[in-house]
Amino acid sequence: MTITAAEFLDQHADLLPTEDDVAFYREHGYWISRPILPPSVLDAAERGMERFYAGDYDRRLPDGSLPDGWRPEHGNVLRKNDYSSLLVDELASLVRHPLIAACAAKLCGAREIRLWHDQLLYKPSEKILPESGKVNVGWHTDRQYWRVCSSTQMLTAWVPFHDVGEREGSVSFVVGSHLWEDDVVLDFFNPDLSTLDTVRATHDVEVVVAEIPRGAMSFHHCRTVHGSGPNTSDQPRRAMAIHMQPGDNHHVRDGLPDEIAFHPNDRYVRRTSDGRPDYTDPAVCPRLWPPVA
């Protein structure tokens with residue numbers, strides 16, 4: 001039996017962010033949920049990850065292609081693959097789980113949430129890569145890559161497939177950095193995790209390394225500075241980043257330099273009547289909240 005969005009929210013109220021949680025997110029730029037996803041969803045996602053890496057796809061992208069990203073010939077290195085949920089059913093089930101988007105809607109105050117795109121993430125243990133040294137993801141903001149978007153309230157759910165913390169190279173956030181000025185937030189990437197030293201003179205810099213048990217996830221604002229350190233555990237760190245957009249987000253280009261006036265989504269989505277990329281295209285950016293009946 002299909003239930004309404006209001007009925008869903010009522011039934012799962014104890015798993016959604018409270019008003020205090022929303023206030024925390026808006027002040028700090030991130031929020032970590034309690035365990036809200038059932039193990040079966042994550043077990044299936046693990047299988048979907050294995051299928052994706054083996055090239056066992058259920059479909060291709062709308063233009064018939066496969067996305068760029070890690071391939072087996074690249075070896076056991078840091079892996080990032082975009083659009084995996086559009087290719088593999090088990091990963092689509094994770095991305096479209098209504099609890100994730102319902103949390104996102106409450107945090108950013110949107111009535112509708114659509115997928116922007118996803119990233120399948122795999123960070124190998126540095127213990128088996130002594131010749132490669134540490135595998136970091138440098139400090140950056142998502143907004144600097146999404147300036148074709150009208151919304152500044154986009155956000156990301158970072159969903160680990162197992163318990164993660166500092167040892168596993170979990171995602172780390174710079175508290176309150178989403179409120180910093182544009183000239184910092186929009187130009188902040190360096191694989192050297194000491195990059196934060198350059199802003200300590202003008203900003204309070206507090207770094208939080210997310211400790212996330214299996215079934216829980218973190219959410220962060222698109223302007224929040226974040227990154228991650230090396231995985232020093234014995235196992236690869238496996239996760240998915242689900243980037244989401246409020247329903248009113250649309251393409252903008254005016255005033256943007258050419259090098260940032262394009263996003264890979266623009267290659268795959270349909271066009272609006274005036275020829276712009278349509279970020280409501282359900283084939284690429286499906287509605288996640290309210291759930292599609």
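What you are looking at is a predicted structure, and each value in this text was computed from that prediction instead of being measured. (Residues numbered from 1 in each chain as written. Predicted model: local features only at pLDDT ≥ 70, side-chain atom pairs only at ≥ 80, totals over all residues. Heavy atoms only, no water.)

Engineer: Tell me what's going on with the packing of helix α2 (residues 19-28) against helix α5 (residues 98-108), and back it up with residues and numbers.
Structural biologist: Taken N-terminus to C-terminus, the directions of α2 and α5 make an angle of 70°; their axes are 9 Å apart at the nearest point. When the interaxial angle is binned, α2 and α5 end up roughly perpendicular. The handedness of the crossing between α2 and α5 comes out as right-handed. Along its contact with α2, which presents E19, D21, V22, Y25 and R26, the element α5 presents K106, L107 and C108. Here the contact of α2 with α5 is composed, by residue class, of four nonpolar, no polar and four charged. (Axes fitted to C-alpha atoms, helices over the stretch in contact; angles between N-to-C directions. Helix = DSSP H or I, 4+ residues; strand = E, 2+ residues; numbered from the N terminus. Parallel < 35°, antiparallel > 145°, perpendicular 65-115°, else oblique. Left-handed = near helix turned anticlockwise from the far one by under 90°. Contact = heavy atoms within 4.5 Å. Nonpolar A, V, L, I, M, F, W, Y, C, P; charged D, E, K, R; others polar.)

Engineer: Please provide a residue-by-residue account of the packing of aromatic side chains, values included.
Structural biologist: The geometry of an aromatic ring pair is captured by two quantities: the separation of the ring centres and the angle between the planes. According to the stated counting rule, one finds eleven aromatic pairs in the structure shown. Taken together, a centroid distance of 5.0 Å and an interplanar angle of 15° make the contact between Y30 and F173 stacked. Separated by 143 residues along the polypeptide, Y30 in strand β1 (residues 30-32) and F173 in strand β6 (residues 171-174) bring together distant segments of the chain. For Y30, a relative accessible area of 8% puts it in the buried group. Taking relative accessible area as the criterion, F173 reaches 0% and is therefore assigned buried. Aromatic side chains F52 and Y53 sit 6.1 Å apart centroid to centroid with 75° between the ring planes, which places their arrangement in the edge-to-face category. Across the pair, Y53 and F52 agree in class, each one buried. Taken together, the aromatic side chains of F52, Y53, Y57, W70 and Y122 make up a single cluster linked through ring pairs. (Phe/Tyr/Trp six-rings, centres within 6.5 Å; stacked < 30°, edge-to-face > 60°. Buried < 20%, exposed > 50% of the residue type's maximum accessible area, 1.4 Å probe, protein only.)

Engineer: Lay out α2 with the relevant residues and their values.
Structural biologist: Within an α-helix, residues lying three or four positions from one another point in the same direction, as the helix has 3.6 residues per turn. Looking at α2, one finds that the buried residues are D21, V22, Y25 and H28. Summarising the axial view, the buried residues of α2 lie within an arc of 150°, below the 170-degree limit, and thus occupy one face. Exposed residues on α2 whose side chains face more than 90 degrees from its buried face are E19, D20 and E27. Packed against the buried residues of α2 are β1, α5, β5 (155-160), β6 and β8 (218-221). Within two residues after α2, G29 carries a phi angle of roughly 85°, on the positive side. (Arc of directions from axis to C-beta.)

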